[in-house]
Every structure is written in structure tokens, then in C-alpha cells.
Amino acid sequence: MVQFLGNPGAAGELVHMVTLDKTGKKSFGICIVRGEVKDSPNTKTTGIFIKGIVPDSPAHLCGRLKVGDRILSLNGKDVRNSTEQAVIDLIKEADFKIDLEIQTFDKSDEQQAKADPRSNGYMQAKNKFNQEQTSNSNAGGGQGMGMGQGQGQGQGMGQGTGGMNRQQTLQKRNTTFTASMRQKHSNYADEDDEDTRDMTGRIRTESGYEIDRASAGNCKLNKQEKDRDKEQEDDFGYTMAKINKRYNMMKDLRRLEVQRDASKPIGIALAGHKDRQKMACFVAGVDPNGVLASVDIKPGDEIVEVNGNVLKNRCHLNASAVFKNVDGDKLVLITSRRKPNDEGMCVKPIKKFPTASDETKFIFDQFPKARTVKVRKEGFLGIMVIYGKHAEVGNGIFISDLREGSNAELAGVKVGDMLLAVNQDVTLESNYDDATGLLKRAEGVVTMILLTLKSEESIRAEKEAEEKKKEEARKEQEKPQEPATAEIKPNKKILIELKVEKKPLGVIVCGGKNNHVTTGCVITHIYPEGVVAADKRLKIFDHICDVNGNATHVGSMTTLKVHQLFHTTYEKTVMLTVYRADPPELEKFNVDFMKKPGKELGLSLSPNELGCTIAEVIQGQYPEIDSKLQRGDIITKFNGDALEGLPFQVCYALFKGANGKISMEVTRPKPTLRTEAPKA
């Protein structure tokens, strides 16, 4: 889909919208790079450009993109000043569809090459690419390089095929490429254009402070960005240029610095994201008496870093522990201020800051068996902790050892307990360093929330007991049931007893050696006034395997004999062995014929929840009915209309008023043979 937004400008530029849908494809098929375009001898434009297009990809097949096009926005977000990695992230988050705002040009490559000699290297490479495409198309197919999100010199694989006409069209369009992209020397590509370093773990700054590798303090600037950045890096490596590059997709970024005061609380309440699938750390309220009251921080601000520790995309519950564990006497925060109407924070801003906030209350809702233990710290607590995993709760901080005779041991701390909080700091998602930092800094009476977990042996024993219980229940189900009350269960033979007292059973069955059903006796209709209906256990399509101990082997019994078993008047009770197949064993077929005006169908029908049951067939009316239908068949559709659930009066009217071509869908039992033939 292409939507034009304007006419070509003075420089031959054209802006249009392109929607790419990669459903069924591996990628969108574009390779991107950040570069510069020289519009004229005196002007240039920087931005994100299309460096390559994968053959047979959505980008290729749309026919509206070409190498050298500039991407102005992606899914409504302006990317003209974005980094290459930020655009890649947007593409990754876009799922199967992206909307691109494209700026294209219509001057020739040759003219631009003359205007800017520095583009020669790029032009040669592009011409080579076009030649390779043409040669591949002559062979009837080929392979192309590219990817849905570009990185460095472009990576990823895509398959493509095409004929000469398609490639000639592409080549012709590519020759109108107007701008030359400045390419940096390959020796400096990694240093200046892209940051391909591993961003996991932590490093130390030149000032000796430990920060996350993913921190803005470790952000890499290219040569031009370094030349423009005149700001001196602080202890954590921060400059606003590095902050803006690291978080370029976020709004109104700020760097806040404040001195810590041991006599004052930090003074902020934190909240998570409104969408529980996303993690973020928002300021819910600011204490006017706290340390942060002196800086420009407001409810709704998102905290993305503190002292080189990245809080973006992290749970807000651990942020308080991060704040208290940071090194040094000062706090440096990186925040993003959202507009008042932006939704994100899961709670409304706190207008009146509470005198004390307890972030541990939710723990007892999540872990009802958790307990509070108070231990006086006299130089040491007497405990050792580890970060580990438990089968009952997963990952966490656990008590690994206790000093004999310590206050912790006397207070009831046990080896194996899970540490959920220290004072009011939650350790539920903390790492080892965070947890030990809290324990080291705690003074006086230390309040810990602990959860005593079951041992691996007890968990194993419980599982074994549960399996044993299930096995006993299974055996209990397999015990013979009282036939008078036995429940009919799917795919299992059940013996039931019906109290008849000389009353009719009230059923229609299919089966018999001269019947269309020769593999079993199956109920196809239950009359509401009969014994079977009153008992309520039997259903339509139940397979009757024997009656009063006599097997109903219909392969050796006539249809009349089978019917007589269910029309006999029994004195007091009748015993039936029933098998209920799940799913039901059925066959469906159509009967088509021409109905003559004034001539009846010759069918006696009874209402059925699935349609109409044939109670009797009058021979000699229509040969198609005589040869294909029988007593007990269920008509489920009449001339394409489903009869299931329709009142019988409506069904009767359909049959009575129809003339001309008639089509009936018939459902008939087709049971598996379960009854052994009688021995000779």
C-alpha cells in the first residue's frame, strides 16, 4: 500500500507512505544504515537510509522502495535523528507490519557522482550489486543478502527469484538514485558507526565507579558526535550527548544530581507500568522532606538510570534496593518526563506523601506462610546467603549458613529459608550483590521477612503421595459399580440395570444382518414416555453390547430379532451392557431425488434433538429412499437447512411443502465391532 503525501519538491524529493507486511516471510527485507546524503554542493541531510533490499521480500515486492531512500518515520515515530540500533529495535517490536514514511529522490546516480566524487566507492559497490542481480535473474533465480533490521554492513539471508523483466525494472529504477551516501572507511566502521559490544554485565568507569555495560555512561559516540560533545564526562561516564543517544526514543530526558543525606530518606514512591506485560520504574510521589525534593523530579517521571544502574525495563519493586546499594555520596538520576495525558503509570500520582511507606505488604498476600523475624545486629547478623533456585518458588536469595549461637539462630532463622525482605526493602527479585549490600548496611534491630520452604525430600515425598492417591482413585473408578446406579463413562463398557415393571423401553435401534448397520446395536431414538428416558442414563448413539447377558451380535441376527429385544415387555428389570464412544462413531451421507407434486415421501418421522428420526419407511414411493434409508436413520439436513434444534412442526412443514429436487443429509451409526460372534 502506498499513500502519497505531497508533490516532488525543488530538489526532486518525494515523500510517500509504504506499508510492509511480512506475513509468511522471514523478514521485511530491508537493510538500513545511518549516513549522510549530499543534496547539493552546499547542503547535506543525515538520517536512516535503505542500504539494501532482499529479492522476493515484502520490500522488494511492493515496488515502492529502492536503495538510497531515506526513512523519515516508522509506525508514526519520527526516526530522522534516531540511531540505527533504535530503528532496528522499532522493527523488532513491530511484529508483522510496519508503516514507513519514505523520502525518495529522482536525480541520476551519474549526475550525483559527478557532483560529489566521494561517492565513487559507494556507486561502484551499488553497480556491482545491480550486475549480480541481473546475472542471477538470467539464470531464473538467485540468492540475495539483506535483513528485516540492518546492522553494521548488513546481515541476514533472504531467498529470491525473478525474471529478466523484473530485474530490468529494478535496475532502471535504481539508476535514478539521486543522493550519495558518505561511507566511512571500513577500518573505522565499528568504532564510529555502530556499537556491537556485549552489553551484559558491569564495567568500571575511569573514576572507578562500577556501572552497567548497558548504561548511558558506557554509550559509544562516533567521531562526529565526539567532536560536537564538549561536555566533560562525570564520575559515571554521563554526558547529555551520550544520554540522548542511548535513550533517543524517550521524551524530555534529564540528568539530575543530588547529595545523599544519611539523616533523610530518599523520599520517592515508585510504581510500575499500567500494562503488566511491561516493566518500568515511575515516580508515583515525591516527599517534600526527602533528599530528592531539591531537584526537578515529578510524579509520572520515568527513572531509567541511577548512578550507572539501568532501571529501564526493570521491575520497580527492586528500585529502592538499587538506590540504597549505589556507591558514593551522591545520586545521579536519568529521567524521562512524560506529558500529563500520557498513560503508563499503574497508579494515580500521590498528592500527599505518606509519613512512611511499606513496600513489603504485598509479600504476605503472595506468600501467606511468610513470617517476620527481628534480629539485633551486634557487629554481625550471623547469616550467610546465596542466590539459588528452589523447586517450590524458583530463583531467589536463600539462607545458606548460620553462625552457631548467633542472634539470627536464636531468633529462629533456619538454613534454607528464602529471604524476601530486609527492613522495608524487597529482595524477592534481587541478585546476590543487592541482598548482601542491604544486610551489610542494616544497623540495630534488623527486620527480615523469611519463608521456610520444604526440603527436596519432602517435595519428592509429596509428589509420590499425590501419585499414589491418583492411582488409588483410578483403581476405585475401575471397581465394579452397582448396575442400578452405575454411571456410563465414555469409551468403557458399563453394566447397567433398568427397572421396567412391564413398561416399554421406548427406544429405536439400528442393527441386524439384513440392516445397513451390521457391526453393532445402537440407540438412535429415545421416546420421552419410555423407561430409558425416565432412567436418564442412556443417550442417542450408545452401543448396546448385550441384553440380559445375551450378546447382541447383529451379524448373525435379523433386524426384526434385534428390534424385538427392545420391544419385549420385561417383568421387573433388564440388564444392558453399554459402550459410549467418544467421539460418536457415525457416518453421514446424502440422498438426492426428485419429489413429484402430490406424492408423499413415504417416511414416518419422530422428533429428535439432532433432527428427525425415521420411525418407519413405506416402500414403493421413491427408489432412492427404498434402497438407502431405513428405520432409525436420523435426517439432520433437508435441502441444506440444518434441522438440529428446530421444533418438529417446522421440520414437518419443510418435508410437507417441498417439491422438485430434494436433498437430505442422513446421519447413521457406524459402531466398531465389539460383540463376539456366537460359538457354533
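Described below are features of the structure shown in this document. This structure is a prediction, so every number in the text was calculated from the model and none was measured.

**Observations regarding the overall build of the protein**
No. 1: Counting its secondary structure elements, the protein contains 17 helices and 35 strands.
No. 2: Residues counted as buried form 45% of the 680 residues belonging to the protein.
No. 3: Intrachain contacts of the protein at a sequence separation of at least 6 include 66% that bridge at least 24 residues.
No. 4: Counting every atom, the protein has about 36,600 Å² of accessible surface; 49% of that belongs to carbon and sulfur.

**Points about the pairing of strand 13 (residues 268-271)**
No. 1: Residues Ile 268 and Leu 270 of strand 13 are buried on one face, and the alternating residues Ala 269 and Ala 271, pointing to the opposite face, are buried as well.
No. 2: One ladder, built from four bridges, connects strand 13 with strand 14 (residues 282-286); its direction is antiparallel. When the sheet's bridge partners are listed, Leu 270 is paired in strand 14 with Val 283.

**Remarks on the side chain of Glu 665**
No. 1: For Glu 665, the position within the fold is in strand 35 (residues 660-669).
No. 2: Polar contacts involving the side chain of Glu 665 include one to the side chain of Thr 636, which spans 2.7 Å.

**Side note on the packing of aromatic side chains**
No. 1: Considering all chains together, one arrives at five aromatic pairs under this definition.
No. 2: Seen from their ring centres, Phe 648 and Tyr 652 are 6.5 Å apart, and the 40° between their planes marks the pair as tilted. Of this pair, Phe 648 and Tyr 652 both sit in helix 17 (residues 648-657), four residues apart, which is roughly one turn of that helix.
No. 3: Members of the aromatic cluster, each reached through a chain of ring pairs, are Tyr 209, Phe 236 and Tyr 238.
No. 4: The ring of Phe 28 carries Lys 22 above its face, with NZ or CZ at 5.0 Å from the centroid.
No. 5: Lying across the ring of Tyr 622, Lys 599 places its NZ or CZ 4.8 Å from the centre.

**With respect to the pattern of salt bridges**
No. 1: Applying the stated criterion across every chain yields a total of 23 salt bridges.
No. 2: A salt bridge links Arg 80 to Asp 78; its shortest N-O distance comes to 2.6 Å.
No. 3: A salt bridge links Arg 202 to Glu 210, with the shortest nitrogen-to-oxygen separation between them at 2.8 Å.
No. 4: Classification of Arg 202 as partly exposed rests on a relative accessible area of 34%.
No. 5: Its relative accessible area of 30% is what places Glu 210 among the partly exposed residues.

**A word on the environment of Leu 410**
No. 1: Relative to the elements of secondary structure, Leu 410 occurs in helix 11 (residues 407-411).
No. 2: Here the alpha-carbon distance between Leu 410 and Val 375, two residues 35 residues apart in the chain, equals 8.7 Å.

**Let's talk about the pairing of strand 25 (residues 507-510)**
Consecutive side chains of a regular strand alternate in pointing toward one face of the sheet and then the other.
No. 1: The alternating pattern of strand 25 places Val 507 and Val 509 and Ile 508 and Cys 510 on opposite faces, both of which are buried.
No. 2: Of the pairings in the sheet, the one linking strand 25 to strand 26 (residues 521-526) comprises four bridges and is antiparallel in character. By the bridge assignment, Cys 510 is partnered in strand 26 with Val 522.

**Some details on the nonpolar core**
No. 1: Of all hydrophobic cores here, the largest spans 24 residues; its most connected members are Ile 496, Leu 498, Leu 538, Ile 544 and Leu 576.
No. 2: Listed by contribution, the elements that provide at least two residues to this core are strand 24 (493-499), strand 25, strand 26, helix 14 (531-535), strand 27 (543-547), helix 15 (559-567) and strand 29 (573-579).
No. 3: Not counting chain neighbours up to four residues away, the residues in contact with Leu 538 comprise Ile 488, Ile 496, Leu 498, Ile 523, Ile 526, Val 532, Ile 544, Leu 576, Val 578 and Arg 580.
No. 4: One finds Leu 20, Leu 65, Ile 71 and Leu 90 within the second-largest nonpolar core, a separate group that totals 21 residues.

**Re unusual backbone geometry**
No. 1: Cis geometry marks the peptide bond from Asp 582 to Pro 583, where omega comes out at 5°.
No. 2: Unlike most non-glycine residues, Asn 75 shows phi in positive territory, near 50°.
No. 3: Owing to a relative accessible area of 36%, Asn 75 belongs among the partly exposed residues under this scheme.
No. 4: The residue Asn 313 is not glycine, and still its phi comes out positive at about 65°.
No. 5: As for its position among the elements, Asn 313 is in the loop between strand 16 (309-310) and helix 9 (319-325).
No. 6: You can call Asn 313 exposed: its relative accessible area is 52%.

**Quick look at the environment of Gly 611**
No. 1: With respect to the secondary-structure elements, Gly 611 resides in strand 32 (residues 611-617).
No. 2: Assessed through its relative accessible area of 2%, Gly 611 is described here as buried.
No. 3: Taking the C-alpha atoms as reference, Gly 611 lies 4.7 Å from Glu 644; in sequence the two are 33 residues apart.
No. 4: Among all residues touching Gly 611, those that are not within four sequence positions of it are Ile 634, Ile 635, Leu 643 and Glu 644.

**Digging into the environment of Asp 633**
No. 1: Relative to the helices and strands, Asp 633 is located in the loop between helix 16 (623-628) and strand 33 (634-638).
No. 2: Judged by relative accessible area, Asp 633 falls into the buried class, the value being 0%.
No. 3: In sequence terms Asp 633 and Val 666 are 33 residues apart; their C-alpha atoms lie 6.7 Å from each other.
No. 4: For Asp 633, the side chain forms a polar contact with the side chain of Arg 668, separated by 2.6 Å.

**Let's talk about helix 12 (residues 432-441)**
No. 1: Within the sequence span of helix 12, burial applies to Asp 434, Ala 435, Thr 436, Gly 437, Leu 438 and Leu 439.
No. 2: Looking at the buried side of helix 12, the elements it contacts are helix 9, strand 19 (383-390), strand 20 (394-402), strand 21 (418-422), strand 22 (425-426) and strand 23 (445-451).
No. 3: Residue Asn 431 occupies the N-cap position of helix 12, its side-chain oxygen lying 3.2 Å from the main-chain nitrogen of Asp 433.

**Regarding the side chain of Thr 205**
No. 1: The topology assignment puts Thr 205 in the loop between strand 10 (202-204) and strand 11 (210-212).
No. 2: Thr 205 has contacts with Ile 211, Asp 235, Phe 236 and Gly 237, leaving out every residue within four places of it along the chain.

**Things to note about the state of the cysteines**
No. 1: For the structure on display, the rule yields zero disulfides.
No. 2: Cys 521 carries a free sulfur, and the closest cysteine sulfur to it, the one in Cys 510, is 8.5 Å from it.
No. 3: Of the residues examined, Cys 521 reaches a relative accessible area of 0% and is grouped as buried.

Reading guide: rules and limits
Residues numbered from 1 in each chain as written. Predicted model: local features only at pLDDT ≥ 70, side-chain atom pairs only at ≥ 80, totals over all residues. Heavy atoms only, no water. Helix = DSSP H or I, 4+ residues; strand = E, 2+ residues; numbered from the N terminus. Buried < 20%, exposed > 50% of the residue type's maximum accessible area, 1.4 Å probe, protein only. Contact = heavy atoms within 4.5 Å. Areas by Shrake-Rupley, 256 points an atom, 1.4 Å probe, with all protein chains shown as cover. Pairing = 2+ DSSP bridges. Polar contact = N/O pair within 3.5 Å; in protein donor to acceptor, adjacent residues only side chain to side chain. Phe/Tyr/Trp six-rings, centres within 6.5 Å; stacked < 30°, edge-to-face > 60°. Lys NZ or Arg CZ within 6 Å of the ring centre and 35° of its normal. Salt bridge = Lys/Arg side-chain N within 4 Å of Asp/Glu carboxyl O. Core = buried A, V, L, I, M, F, W, Y, C linked by side-chain atoms within 4.5 Å. Disulfide = S-S within 2.5 Å.

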